Each structure stands twice: as C-alpha cells, then as structure tokens.
Amino acid sequence: MRSSKLAKRVRSSVLSIFRAVVLIEIGFIILYPVIYMVSMAFRPVEQMYNPNVVWIPISFTLDNVKRVWEFMNYPRAAWTTLYLDGICALLQTAVCCLTGYGFARFKFKGRNLLFAIVIFTIIVPPSTTLISSYLQFRSFDFGYIFSTLNWVFTGKFEGIRLINTPFVMWLPALFGMGIRSGLFVFIYRQFFMGLPRELEEAAYIDGCGTFSCFRRIIIPNAKTEIITVLIFSIVWYYNDTFYSTTYMDSLRTLSTSLQYLNENLSILSPLGAVMDRYQVVTLVQAACLLVILPLTVFYIFMQRYFTESVQRTGIVG
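The rules behind these values
- Residues numbered from 1 in each chain as written.
- Predicted model: local features only at pLDDT ≥ 70, side-chain atom pairs only at ≥ 80, totals over all residues.
- Heavy atoms only, no water.
- Phe/Tyr/Trp six-rings, centres within 6.5 Å; stacked < 30°, edge-to-face > 60°.
- Helix = DSSP H or I, 4+ residues; strand = E, 2+ residues; numbered from the N terminus.
- Buried < 20%, exposed > 50% of the residue type's maximum accessible area, 1.4 Å probe, protein only.
- Lys NZ or Arg CZ within 6 Å of the ring centre and 35° of its normal.
- 1 Å grid on protein atoms, 1.4 Å probe; cavity = no way out; pocket = protein on both sides within 12 Å on 5 of 7 lines; lining within 4 Å.
- Points joined across faces, edges and corners; volume = space filled by probe spheres on them.
- Nonpolar A, V, L, I, M, F, W, Y, C, P; charged D, E, K, R; others polar.
- Core = buried A, V, L, I, M, F, W, Y, C linked by side-chain atoms within 4.5 Å.
- Contact = heavy atoms within 4.5 Å.
- Salt bridge = Lys/Arg side-chain N within 4 Å of Asp/Glu carboxyl O.

All right, on to the packing of aromatic side chains then. Any aromatic ring pair is given by two values, namely how distant the centres are and how the planes are angled relative to each other. Applying the stated criterion across every chain yields a total of 22 aromatic pairs. Centre to centre, the rings of Y32 and W55 are 5.5 Å apart; their planes meet at 90°, and the pair counts as edge-to-face. Here Y32, found in helix 1 (residues 2–41), pairs with W55, found in the loop between helix 1 and helix 2 (63–72); they are 23 residues apart in sequence, far enough to count as distant. Its relative accessible area of 36% is what places W55 among the partly exposed residues. Each residue in the set Y101, F106, Y188, F191, F192 and F214 is aromatic and connected to the rest through ring pairs, giving one cluster. The ring of W236 is capped by R180, whose NZ or CZ atom sits 4.4 Å from the centre of that ring. Across the ring face of Y260, the terminal group of R252 is positioned such that the distance to the ring centre comes to 4.1 Å.

In structure tokens, the structure reads:
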C-alpha cells in the first residue's frame, strides 16, 4: 500500500514538473519576440557591441523611439489608423451580422448558391482580384451615373477616382466584401442557426416586425459573437498592409508606416553615411514596439470579453 501511494506521488510529481517545463518553454517561445523587442528598442547602439549585454541594457535610452516617432509621424498615423480601420471594423461587423442572420433565417431562391459564393471568398486569395478592384476604384461608377454627371460638368466621361481615399476600404466593408468578411458571415450564420426559433415567434406574436425582432431579440443574444467579430476585424484591419499599400499611397496607417520605415532606413542616417546594421536593429524594434502598443492597450481593456467570446465560439488562432 505504501509503495503504491509513493509511486502515485512520484508519478504525479513527475507529471507536474513535466507540465511546468513544457509551459515555461511555450511561454518563452511566445514572449521571446516581445522581450527581444523591448530590449533592443531602449538599448543604446554602443551597447550592441558589448558581449556582456544580453537582455538587460546597462543604461536605457529613448533616442531610438524618438527618431522613429518623428519619422513615422506617429500621432497622424495613429489617427489615420483609428478612423480608417475603426470605421471599417464597425461597418463590417454590422453588415456581416445582418447578412448572416438573413442566411440563417430566411428562405429564398439561390440561398445555398449565394452562401457557397460567400464561403468561396474565404478561399480565393485577394491578389487574384487586385487588378480588377484597382481599375474599379480608379474610375468608380454605378450605372454610368457619375460618368454622365462628370461629362456634363467637365466634359470628361469617367467615374470618380477613389484611389488614395478612405472609401477604397469603407465601401467593401459596407457591402460585405471587407477583409475576412466571408468568415464573419459564416460565424454569424452558424450561431443564428443554433438559436431557438421560439424567441422570434414569441416576438412576432407580441407585434414585433422582422427588423424590430432582429434589433430587440437577436442582437442582445448575439452580443458575444458581435464582440468576437469586432475584435478580429479590428486586428485584421490594423495589421493589413496589402490593401493599404495598394490603394492608398498618401494615407499611412501604423502598419504601412512600419513597412515604409523598413524600406527607407537610409533617410534616418547622416548624409553620405551607411547606417550600421546594429542601429538598424534598434530602430526597427523601436518602431515595432510603437506599432503593437495600441493593440496591446486594446487587448488589456478587452481581455475579459475576448476570452469569453473565444470560449463560446470555439475560435482559436
């Protein structure tokens, strides 16, 4: 008996130690980029040549942060990111919610075909529609209305040029073709199909119409899914550089400013001088730290809702 209990304790202790080691290793792998970023961002360039300095610098400096702050025009880039990506995320969340509810509750001809097309948009790479989308935004028109009006007033038969305007991001989000919109429609549809129809039937008996039922009954019950979609939409729009660099050269968000910094580090070096590779590392890591800072603050305030939404929807990664 004693030997059996001792064997169980030893086995339990070994498993606990093994789990702790695995969790520590996984945590280090996840946190290593952040630790490296902080260590390099506040480290003077001179200490990069010191073999005794590994993680914690001997002295800290804000010169790296100040230089990339000015080069990226951080306040303006942050404001552009806020109103551009924030409006896109709000529009996308609302439109995908309404679309997913329509696919889940209403029966109409071609519903399965349209939903298959929605799923197909998740599979198709955005680069395959890049040229056609660019040409459409370069001369945007609807039924030749804008072209006709432009011809009347200016003599040029062409549409409205939307390139380098926020509408190249807002319009796709408004019409359900934003970044990962197909995935969000699928999430909403699966959730609404799981809701009992008795909730809506009771609301219809009490005199609610379709839209009133959706606003008063469905939306409160879908609060967790709405928060989930909103969080992921904000993150994906925030990290986007493909659409932003293609359609908007003059409007720089934080992500595109970071990419522009990587391509133009020579501007920060003195005239005629070649920037040291260690100095490049400190500047790039300082810029990365500034870029992830808003999302980090956003996650701190939304952590409870984010964890709850992921647990209920089953979304990972």
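Right, let's talk about the layout of surface pockets for a bit. In this structure, the largest pocket occupies an estimated 890 Å³ of space. Lining the largest pocket are 31 residues; nearest its centre among them are T129, P172, M177, G178 and Y243. Of all the elements in the fold, those that place two or more residues in the lining of the largest pocket are helix 4 (111–123), helix 5 (130–138), helix 7 (167–174), helix 8 (181–194), helix 11 (223–239) and helix 12 (242–247). Here the lining of the largest pocket is composed, by residue class, of 22 nonpolar, eight polar and one charged.

Within the largest apolar cluster, 21 residues are counted, with the highest numbers of intra-cluster contacts made by V68, M72, L254, L258, L261, A287 and V291. When residues of this core are traced back to their parent elements, those giving at least two are helix 1, helix 2, helix 3 (74–105), helix 13 (254–263) and helix 14 (277–313). Setting aside its immediate chain neighbours within four residues, A287 contacts V68, M72, L258 and L261. V185, I187, Y188 and V229 belong to the second-largest nonpolar core, a separate cluster that totals 19 residues.

Our next topic: the environment of A77. Topologically, A77 is positioned in helix 3. Using a relative accessible area of 2% as the deciding quantity, one classes A77 as buried. For A77 and L254, which are 177 residues apart along the polypeptide, the C-alpha to C-alpha distance reads 5.3 Å. Beyond its immediate chain neighbours, meaning those up to four positions away, A77 contacts M72, R252, T253, L254 and S257.

For the rest of this paragraph, the subject is the pattern of salt bridges. Applying the stated criterion to the full structure yields one salt bridge. One salt bridge in this structure joins E200 and R105, with 2.5 Å as the shortest N-O distance. Of the two residues, E200 sits in helix 9 (residues 198–205) while R105 sits in helix 3, which places them 95 residues apart along the sequence. By the burial criterion, E200 is buried, and R105 matches it.

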